[in-house]
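What follows is the residue order along each chain.
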Amino acid sequence: MRCDFMVIGSGLAGLTFARKAAQAGSVIVLSKDRLPESATNYAQGGIASVWSPQDSFEEHSKDTMGAGADLCHAEVVDLVVREGPERIRDLIALGTNFSLRAGSDPEDHDYDLAREGGHSRRRILHATDATGREIMRALVEAVRHEPNIRVLERQMAIDLLIDAKFDRAAQPPSCWGAYVLDLDSGAVRRIAARATLLATGGAGKVYLYTSNPDVASGDGVAMAYRAGVPVGNMEFIQFHPTCLFHQQAKSFLISEALRGEGAILRRPDGDAFMSRYDPRAELAPRDIVARAIDNEMKVHGYEHVYLDISHREPQFVRQRFPSIHANCLRFGIDITTQPIPVVPAAHYCCGGAVTDINGATAVRRLFAAGEVAMTGLHGANRLASNSLLEALVFGHRASLAARALLHHDRTPVPALPDWNPGRAVNSDESVVVTQNWDEIRRLMWNYVGIMRSNRRLARAFKRIALLQEEIREYYWDFLITGDLIELRNIALVAELIIKSAIRRRESRGLHYNIDYPQRDDVHWRRDTVLVPGEPFSPGAELDALLHHSAGAPLPAH
Ligand SMILES: Cc1cc2nc3c(=O)[nH]c(=O)nc-3n(C[C@H](O)[C@H](O)[C@H](O)COP(=O)(O)OP(=O)(O)OC[C@H]3O[C@@H](n4cnc5c(N)ncnc54)[C@H](O)[C@@H]3O)c2cc1C
């Protein structure tokens, strides 16, 4: 099978790219699950953009850079913020219905702008509290009607086809598509493409508790790294402060927008603690809020805290947050009268495959957009609702760059080897996969979570090396399955997060190490980039880590 453009991932970044690439050639879109399953589909709060006349690009940029703790790339921030409104108009033209201000005429496009933590203005366009679902509805409909796009569901990319791996003379290396597993039949096929986009989303499944859907196992970052693409800033994992805490609720997120509308965080004893941590209290950026909750839970031994919006008018709460209201009711919590039990959970990966301002990676013909990429927009911390914006802007930019590349470069697809299953046989030991999967996720939660320390990181480094060895042996012995591919990917992504966290010997943005609680602009005001094949020198780094003391408490607030 072959095409001009292959898109691995069918969320906002992938489908934006696909629609625009289809104007210049044939497109295959791979989806690990069925459309519209993706993180995009669960985005509640909305998409940030300068829309009101009282707002400005400068203010949106300033808020983004402020959250990013001086690691954002200013030119990237500027271009994303400036291109945002035009890209949102594309979505509106496609039929996306964002919520309007009460009583306004739809023709006037007078949208209800929400405000979220870290934003100095109301600038979040939303579709009540199910923004992603509405965006995906419009995009999926458009893609289904596009004859140049073929969507292959339940098809999982295993690895990229890099010519230099088969032919040493092929320099610089180029990507010519991917090996793909049909999750229903178990067959592996080769799909050749002249340009490939990685749009596989995030890596929340690396952690025990996450707001992410099951598809978010960091496949794209792992594939990119194995293909030779440098990966950056993986230590900056955003933990969403407020996931519903309930045994039957699987990763249900309680949007930041609740805090924007006045919801208060309280300990089980009723104490409203946020103003002790930050003068912005509930409106502080989410890393500060997540750390505060984590600290309250650890110090007092609580299993969760509460988020309380019951003081607002019930009618307003039901109208503004219909999905959250309905979902919580399913679990017996009426948010108009009761506080919501919440815990933090891994939510967003700021790092990823390093790209330029057009989504191009270091490997020719390979692009990355959306959460899988590290474009320089987020720096050390993502400002709320900037990720949908990034996926949209870079999905668009990468499609233009890929189209231009194929227009100027007519090199035919070279001969590519078929998938070689080697000596692999069916496994009767799938328990190895479940065991390692659980171990990695727990290890990451306990040792590489919201609060890190040198000792915890050193332990995690040693454990992941052992697990990697075991997985490598298993991987080549048995026929691959979706679970095994994901296990191999989360193990690699975990290793990349641990190494990046070990490298950064300071606390900045989302990375908090109790042994280096201060920010150090002299040494660390730079991205952490891991280059495939480059030695990590674990001996020296780990020795240093092991000789540092850990366990210092969180500084008093
Ligand atoms: C609960 C929740 C709420 C959020 N709320 C907001 C919000 O309000 N505003 C905001 O800006 N951001 C929000 N985010 C973050 C935002 O939704 C994501 O960062 C963004 O949607 C990522 O888009 P994407 O296109 O990069 O990836 P996704 O939308 O996650 O899509 C990834 C796609 O890749 C596919 N895939 C993965 N691996 C493979 C593989 N190996 N082979 C084939 N296909 C593969 C998946 O099946 C999926 O189709 C939220 C995230 C979550 C989880």
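Every value quoted in this text rests on a predicted model; they were computed, and no experiment measured them.

Reading the values: rules and limits
Residues numbered from 1 in each chain as written. Predicted model: local features only at pLDDT ≥ 70, side-chain atom pairs only at ≥ 80, totals over all residues. Heavy atoms only, no water. Core = buried A, V, L, I, M, F, W, Y, C linked by side-chain atoms within 4.5 Å. Buried < 20%, exposed > 50% of the residue type's maximum accessible area, 1.4 Å probe, protein only. Contact = heavy atoms within 4.5 Å. Salt bridge = Lys/Arg side-chain N within 4 Å of Asp/Glu carboxyl O. Helix = DSSP H or I, 4+ residues; strand = E, 2+ residues; numbered from the N terminus. Polar contact = N/O pair within 3.5 Å; in protein donor to acceptor, adjacent residues only side chain to side chain. Expected span 1.5 Å × (residues − 1). Axes fitted to C-alpha atoms, helices over the stretch in contact; angles between N-to-C directions. Parallel < 35°, antiparallel > 145°, perpendicular 65-115°, else oblique. Left-handed = near helix turned anticlockwise from the far one by under 90°. Nonpolar A, V, L, I, M, F, W, Y, C, P; charged D, E, K, R; others polar. pLDDT = per-residue confidence, 0-100. Phe/Tyr/Trp six-rings, centres within 6.5 Å; stacked < 30°, edge-to-face > 60°. Near = heavy atom within 4 Å. Areas by Shrake-Rupley, 256 points an atom, 1.4 Å probe, with all protein chains shown as cover.

1. Some words on the nonpolar core
Leu-160 and Ile-440 are the most contacted members of the largest nonpolar core, which totals 84 residues. Apart from residues lying up to four places away in sequence, Ile-440 is in contact with Val-206, Ile-464, Leu-467, Ile-471, Leu-487, Ile-490, Ala-491 and Ala-494.

2. As for the pattern of salt bridges
Opposite charge on two side chains lets them pair, provided their charged atoms get close. Taken as a whole and judged by the stated rule, the model has 44 salt bridges. Here Arg-365 ties to Asp-409 by a salt bridge, and the two come within 3.0 Å at their closest N and O atoms. Of this pair, Arg-365 sits in the loop between β15 (352–354) and β16 (366–368) while Asp-409 sits in the loop between α11 (386–408) and α12 (431–447), placing them 44 residues apart in sequence. Judged by its relative accessible area of 12%, Asp-409 is buried.

3. Some words on the environment of Ala-369
Summarising the element assignment, Ala-369 is placed in the loop between β16 and β17 (373–374). Sequence spacing of Ala-369 and Leu-392 is 23 residues, and the spatial spacing of their C-alpha atoms is 8.5 Å. Ignoring any residue separated from it by four or fewer positions in sequence, one finds Ala-369 in contact with Ala-13, Leu-197, Leu-198, Ala-199, Phe-394 and Gly-395.

4. Notes on the side chain of Arg-508
One can find Arg-508 in the loop between α14 (482–503) and α15 (521–524). For Arg-508, a relative accessible area of 2% translates into the label buried. A distance of 2.8 Å separates a polar atom in the side chain of Arg-508 from the backbone oxygen of Ala-69. At a separation of 2.6 Å, a polar atom in the side chain of Arg-508 contacts the side chain of Glu-506.

5. A short note on helix α8 (residues 286–300)
The end-to-end C-alpha distance of α8, which contains 15 residues, comes to 21 Å, matching closely the 21 Å that a straight helix rising 1.5 Å per residue would cover. Those residues of α8 that sit buried are Arg-286, Asp-287, Val-289, Ala-290, Arg-291, Ala-292, Ile-293, Asp-294, Asn-295, Glu-296 and Met-297. Residues of α8 that are buried make contact with β11 (237–244), α7 (257–260), β12 (264–266), β13 (305–308) and β14 (340–349). In the stretch just after α8, Gly-301 is the one whose phi turns positive, near 75 degrees.

6. Here we look at the packing of α12 against α14
One can describe the packing of α12 onto α14 by two numbers: an axis separation of 10 Å at closest approach and a directional angle of 25 degrees. Considered as vectors, α12 and α14 are oriented roughly parallel to each other. Seen from above, α12 lies across α14 with left-handed handedness. For the pair formed by α12 and α14, the contact residues are Val-433, Asn-436, Trp-437, Ile-440, Arg-441 and Met-444 on the first element and Asp-483, Leu-484, Glu-486, Leu-487, Ile-490, Ala-491, Ala-494, Ile-497 and Ile-498 on the second. Grouping the amino acids of the contact of α12 with α14 by side-chain chemistry returns 11 nonpolar, 1 polar and 3 charged.

7. Notes on the confidence of the model for the chain
Mean pLDDT for the chain: 93, with 97% of residues reaching 70 or above. Helix α16 (residues 538–547) is the least confidently modelled element of the chain, averaging 68 in pLDDT, while β16 averages 99, the highest of any element. Contacts of residues 549–557 to residues separated by more than four positions or lying in other chains number 15 contacts, the stretch itself having pLDDT below 50.

8. Here's the deal with the packing of aromatic side chains
Enumeration according to the criterion identifies 11 aromatic pairs in this entry. Look at Tyr-207 and Phe-239: their rings are 5.3 Å apart centre to centre, the planes differ by 80 degrees, and that puts the pair in the edge-to-face class. With Tyr-207 in the loop between β9 (188–198) and α6 (219–226) and Phe-239 in strand β11, the pair connects residues that are 32 residues apart, well separated along the chain. Consider the rings of Tyr-475 and Trp-476, whose centres lie 4.9 Å apart with planes at 90 degrees: the pair is edge-to-face.

9. Considerations on the site of the ligand
Taken together, 39 residues are adjacent to the ligand, and Thr-40, Gly-46, Asp-219, Glu-371 and Ser-387 come closest. Thr-40 is positioned with one of its side-chain polar atoms (N or O) 2.5 Å from an oxygen atom of the ligand. Measuring from an oxygen atom of the ligand, one finds a backbone N or O atom of Ser-385 at 3.5 Å. In isolation the ligand exposes 1,000 Å². Once the protein is present, 98% of that is buried. Of all the elements in the fold, those that place two or more residues in the shell around the ligand are α1 (12–21), β2 (27–31), β7 (155–162), β14 and α11. Each residue belonging to the shell around the ligand can be placed in one class, and the counts come to 14 nonpolar, 19 polar and 6 charged.

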